[in-house]
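One letter stands for each residue in the lines below.
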Amino acid sequence: MSSSHDQHRKDETIMTSVAESVGSALGSIASHASDVSEALSPSHLSHAAQREGKKLVRKSKTLARRIQKKALTSLKRNKVAVPTRRAVRGTVSKAKWTHPVASKKKVARRGRRKK
């Protein structure tokens, strides 16, 4: 009986050592897998930098739209004001006295420009 009991103990120690080696191998594989997953996932710093970059792009687009809108409104205002300014200038110049010969020359020049 002692021989079968000794055999059982040997089998038990072999099984224990195999289980320990398998466990350590699985543990090292799991640690390598977690290291790889951490390396592939974006870090906190890169995520923060990416977020700040997107925020900067949004702000610059908003600012560009605002500037473009202001420029267009001022341009429209100027276009509307141009005929009014021309009319005012015309009445002021007509109100001034001009020499009859000089006024004829101006009229003649204006006539050539229209053609």
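Everything quoted here is computed from the prediction, not taken from an experiment.

1. Considering the overall build of the protein
Per the secondary structure count, the protein includes three helices and zero strands. Listing every helix and strand of the protein by position from the N terminus yields α-α-α. Across the 115 residues of the protein, 1% fall into the buried class.

2. Considering a nonpolar patch on the surface
On the surface, a nonpolar cluster with roughly 460 Å² of combined accessible area is contributed by Ile14, Val18, Val22, Leu26 and Ile29. According to the relative accessible area criterion, Val22 is partly exposed, its value standing at 44%.

3. Remarks on the pattern of salt bridges
Evaluation of the coordinates by the stated rule reveals one salt bridge. A salt bridge links Lys55 to Glu52; the shortest N-O distance between them is 3.9 Å. A residue pair is termed a helical-turn pair when its members lie 3 or 4 positions apart in one helix, as Lys55 and Glu52 do in helix 2 (residues 44-95) at three residues. Under the relative-accessibility criterion, Lys55 is labelled partly exposed at 34%. Classification of Glu52 as partly exposed rests on a relative accessible area of 43%.

4. Examining the confidence of the model for the protein
Overall, the predicted model of the protein reaches an average pLDDT of 76, with 69% of residues at or above 70. Mean pLDDT values over the elements of the protein span from 55, in helix 3 (residues 100-114), up to 84, in helix 1 (residues 2-40).

Criteria and cut-off values
Per chain, residue numbering runs from 1 following the sequence as it is written. Thresholds applied to this predicted model are a pLDDT of at least 70 for local features of residues and 80 or more for the giving and counting of side-chain atom pairs; totals over whole chains, interfaces and linings are not thresholded and use all residues. Derived side-chain values reflect all non-hydrogen atoms in the structure, with water molecules and hydrogen atoms excluded from consideration. Counting from the N terminus, the helices are DSSP H or I runs at least four residues long and the strands are E runs at least two residues long. Think of it in three bands: with a 1.4 Å probe and only protein chains considered, a residue is buried below 20% of the maximum accessible area for its type, exposed above 50%, and partly exposed in between. Residues enter patches when their relative accessible area tops 30% and they take part in no salt bridge; the joining distance is 9 Å for like charges and 5 Å for the nonpolar side chains Val, Leu, Ile, Met, Phe, Trp and Tyr. In short, Shrake-Rupley with a 1.4 Å probe defines the accessible areas, and a residue's cover is counted only from the protein chains shown. Salt bridges are defined as contacts in which a side-chain nitrogen from Lys or Arg sits within 4 Å of a carboxyl oxygen from Asp or Glu. What pLDDT conveys is the predictor's confidence in a given residue, as a value from 0 to 100.

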